[in-house]
Structures are given as structure tokens and as C-alpha cells.
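# An overview of the molecular structure
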Amino acid sequence: MPSPEQLTASSLLSPETVTEIVRTSHVVYTSHADFLKDCRKWREDCKKQSRDPIGEGIRLQASFEIPLKKCPSPLELSSGFRQPLPLLGLGADQSAGTFIGNLTLGKCLRVNERGKPDMWIADLVKANNEAGKGSASAQRVVLKIAQQSSQDIPDFEPDLNPSKVKVLRAINLVAREFFIYERLHHLQGWLLPYSFGLHKITMSNDEDAYIFITEYIEGRNLRTWKEDNAHPEHPAPVPPILTNYFEKGITMIPLFMDLLAVLHANGIVHKGLDTSPEHVILVEDSKTAAVTGVVFVEFKIAVTKDSISRGSTMSKLMDFETMSVLSHVTDCCPTHRRMFGKWMQAEKMVAPQHLFSGVDLSD
């Protein structure tokens with residue numbers, strides 16, 4: 001049974017510090033003995049972790065230094081930006097700086113390849129605030145934990161040159177996403193969640209780990225939206241329920257194209273949207289359920305323009321990503337593919353290559 005409180009220390013890391021940690025994390029082993037020494041430590045940390053695991057209801061009893069985000073202007077708020085941490089009373093008059101908060105784990109959102117939980121919904125409260133889980137003064141956030149003992153330990157092969165051993169360090173599990181958020185800081189609160197920093201912590205097994213904290217976005221994702229609205233193929237004439245899906249879709253397609261264009265113009269390709277439409281969170285009107293905005297989440301495998309050597313490759317990645325997101329809407333059934341294709345053709349919209357390949361769009 002996990003104890004109700006864990007952690008002993010935490011520190012907010014600057015981008016410069018994260019860069020240095022990543023740089024020095026690439027260890028080249030000069031002997032098998034050095035590698036085996038690290039393996040023994042990881043196994044011991046793993047044993048300690050299994051005796052005192054993290055789980056729902058655990059309160060991370062360290063004080064987290066949360067960087068405050070500038071509240072959007074009235075014009076930005078009217079354009080779709082969100083107010084950061086409103087439930088903690090940080091309104092439009094919030095000043096720059098930080099505040100100290102504690103975290104309580106809620107629902108687990110993801111487990112890694114070893115079956116270890118590494119992403120949670122958590123409640124953030126001000127330090128010394130006795131508000132419990134679900135309190136009105138608790139702000140929901142997403143928390144990603146990266147610790148070495150939760151990763152696979154490479155197999156020892158006596159014939160392998162120790163310098164060729166590849167070890168994925170914990171910091172690398174969250175550093176890429178952290179840097180993506182830093183690069184897109186001006187789009188946080190609109191096109192992606194707010195980032196509340198990357199933190200180094202000491203776990204209950206005395207192991208150093210890293211926590212990346214972001215805003216929790218409430219709403220349906222694109223996969224759920226399609227499951228709620230899509231219908232199987234029907235013969236002509238098209239029933240009204242299919243027409244309704246089409247009408248909803250044609251309001252979403254231009255929105256997706258415009259917002260993906262913004263993301264791509266900033267030199268970022270998400271790379272996870274083709275197989276994971278749940279990474280597209282829909283902002284829906286509370287009265288009409290019309291989709292008025294989109295928030296992209298989970299930039300764990302995103303790539304930047306700087307990391308791609310050829311511009312043509314980046315262009316192809318962008319084109320494929322746009323096609324993938326639109327196909328989550330248009331590929332409901334053959335009837336809908338043709339309806340969407342003819343509509344985009346009539347609107348003179350440039351569809352990504354292959355989006356409607358094999359579909360007869362003639363009258």
C-alpha cells in the first residue's frame with residue numbers, strides 16, 4: 001500500500017540547465033565494469049520503487065516552484081486564449097514570478113513499455129493549502145514523471161564493445177517536449193497547453209527524477225468526437241444524420257488546416273497525429289457543441305525544422321500531418337469521403353496530396 005506522501009525535494013530547471021543535463025547525460029562506457037555498476041544501481045532503485053510505488057491519491061509533498069504565465073489581454077482572450085491557473089485565484093492582475101504549490105496524483109493517463117505509470121492528472125494547490133482532491137481551489141494539471149528505474153535496463157552482452165551500449169537517460173524522456181513548449185511559448189494557452197516547468201525531484205527511493213507539468217485541457221479529443229458522430233456507410237439518398245456529420249466536418253476542416261499551418265509556420269511537426277487523434281483536443285461551444293478551436297497535446301516525438309537537414313523532407317512531413325488530421329474527419333465512410341472531396345474541390349481548397357486518392361470527384 002503506497003504511503004500518502006512522497007518526495008523530499010524539488011527544483012525548477014531553467015532551459016540552460018536542462019540543456020547541460022542532456023549534454024552530460026550521454027555517457028560513453030569505457031569498460032563493462034562501469035556499465036554493470038550502473039545496472040546494479042538501477043536494479044536497486046527499481047526494487048525500492050516497487051516497495052513504495054506512486055499511485056492515485058499520493059501527495060507529492062515537495063514544494064514545486066511554479067512559473068506564473070502572463071495573463072492574456074482582453075483581445076487575446078476573445079481570440080481563443082485561455083487564462084492560466086484561474087482556479088488558484090491568479091487572475092488578470094497576476095504578476096510575473098512564481099508561486100509555491102503541492103501536487104496530488106489523480107488518474108493515470110499512460111504507462112510506459114515496462115508497465116510503469118509515467119503520466120498523471122494531478123491537482124495543484126498552493127503550498128500550505130489544505131484543499132483536498134477535487135476542491136474548487138485545486139487546479140488540474142498533467143504531470144509526466146521520468147525516472148531511470150522505470151526504464152528498460154539494457155541486457156549485458158560480454159562480446160559487445162561497452163562504448164556501443166545505448167542507455168536512454170530519464171531526462172531525455174521529457175527534455176524534447178519541454179524544449180518544444182519553450183519554442184512555442186507564444187502559442188501556449190491557445191494552440192497548446194501552458195507549460196509550468198520541468199522540475200528535478202528526489203523520489204522516495206532517493207532516486208533523482210524529472211517532472212514536466214502542463215495545463216490540463218478539459219474536452220473531447222478528435223477520436224472521441226468521431227466515435228460520437230460518425231456513422232456507417234448508407235446507400236443514397238444520404239440520410240439526415242449523415243448530412244449533419246458532413247456539416248460539422250466542413251466547419252472543422254478549415255479550422256484544422258489554419259491551426260496546423262500556424263504550428264508548421266513555427267517550424268514544428270507534431271508527428272503523433274496520424275495514429276493518435278486523441279492528441280487533438282477540441283474546444284467546443286458549451287451551447288451549440290460547435291468546434292471553435294483546437295489544442296494539440298503530447299509533443300514527445302515532435303521534430304523541429306532545425307533538426308531536419310532537407311527542407312523538402314520537412315515539407316513532406318507537414319503535408320502528411322495535415323492529411324492525417326483531415327483524414328480522421330473525412331474517412332468516416334466512402335460516401336463522406338466523396339462529399340468532403342467535392343466540397344473542398346468546389347471551395348477551391350488545396351487538399352493535401354493523396355487525401356482523396358481513388359475517390360471519384362466528378363459530377
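Here's what I pulled together on the structure shown here. Position numbers for residues count from 1 along each chain, tracking the sequence in the order it is written. With pLDDT at 70 or above as the cut-off, local features in this predicted model cover only qualifying residues; side-chain atom pairs require 80 or more to be listed or tallied, and sums for whole chains, interfaces and linings still use all residues. Based on all heavy atoms of the structure, the side-chain values leave hydrogens and waters out of the count.

A word on the overall build of the chain. Secondary structure summary: the chain contains eight helices and twelve strands in total. Expressed as a percentage of the 363 residues in the chain, the buried residues total 47%. Contacts between residues were defined by any pair of non-hydrogen atoms, one from each residue, lying within 4.5 Å. Here the contacts in the chain between residues at least 6 apart in sequence split such that 70% fall between residues at least 24 apart. Here the Shrake-Rupley method, with its probe set to 1.4 Å, supplies the accessible areas, and only the displayed protein chains count as covering residues. Only carbon and sulfur atoms are counted for the fraction: they give 53% of the accessible area of the chain, which is about 18300 Å². Going along the chain from the N terminus, every DSSP run of H or I of four or more residues is numbered as a helix, and every run of E of two or more is numbered as a strand. When a residue's accessible area, from a 1.4 Å probe over protein chains only, is under 20% of the maximum for its type it is buried; when over 50% it is exposed; and in between it is partly exposed.

So, on to helix H5 (residues 222-229). All of the buried residues in H5 are Leu222, Trp225 and Asn229. Buried residues of H5, seen end-on, are gathered within an arc of 60° and therefore sit on one face of the element. Where H5 begins, one side-chain oxygen reaches toward the backbone nitrogen of Arg223, 3.0 Å away; that side chain belongs to Asn221. To obtain the arc, one takes the directions from the helix axis to the C-beta atoms. In protein, a polar contact means a hydrogen-donor-capable atom and an acceptor-capable atom, both N or O and within 3.5 Å, with residues adjacent in sequence counting only if both atoms are side-chain atoms; elsewhere, any N or O pair within 3.5 Å suffices.

The biggest cluster of nonpolar side chains holds 55 residues, and the ones touching the most others in it are Leu198, Phe256, Phe296 and Phe299. With ten residues, helix H6 (residues 240-265) is the largest single contributor of residues to this core. Core analysis: the next-biggest nonpolar cluster, separate from the first, contains 24 residues, Leu68, Leu103, Phe196 and Ala209 among them. Residues grouped as a nonpolar core are buried Ala, Val, Leu, Ile, Met, Phe, Trp, Tyr and Cys residues, joined through side-chain atoms within 4.5 Å.

It is worth spelling out the packing of aromatic side chains at this point. Between 30 and 60 degrees the pair is tilted, below 30 it is stacked and above 60 it is edge-to-face, where a pair is any two Phe, Tyr or Trp rings, Trp via its six-membered ring, whose centres lie within 6.5 Å. In total, this model carries ten aromatic pairs according to the counting rule given. Taking 6.4 Å as the distance between ring centres and 25° as the angle between the ring planes, the aromatic pair formed by Tyr194 and Phe196 counts as stacked. Residue class for Tyr194 comes out buried when judged on its relative accessible area of 4%. Within the aromatic cluster, the residues linked to one another by ring pairs are Phe178, Phe179, Tyr181, Phe212 and Phe299.

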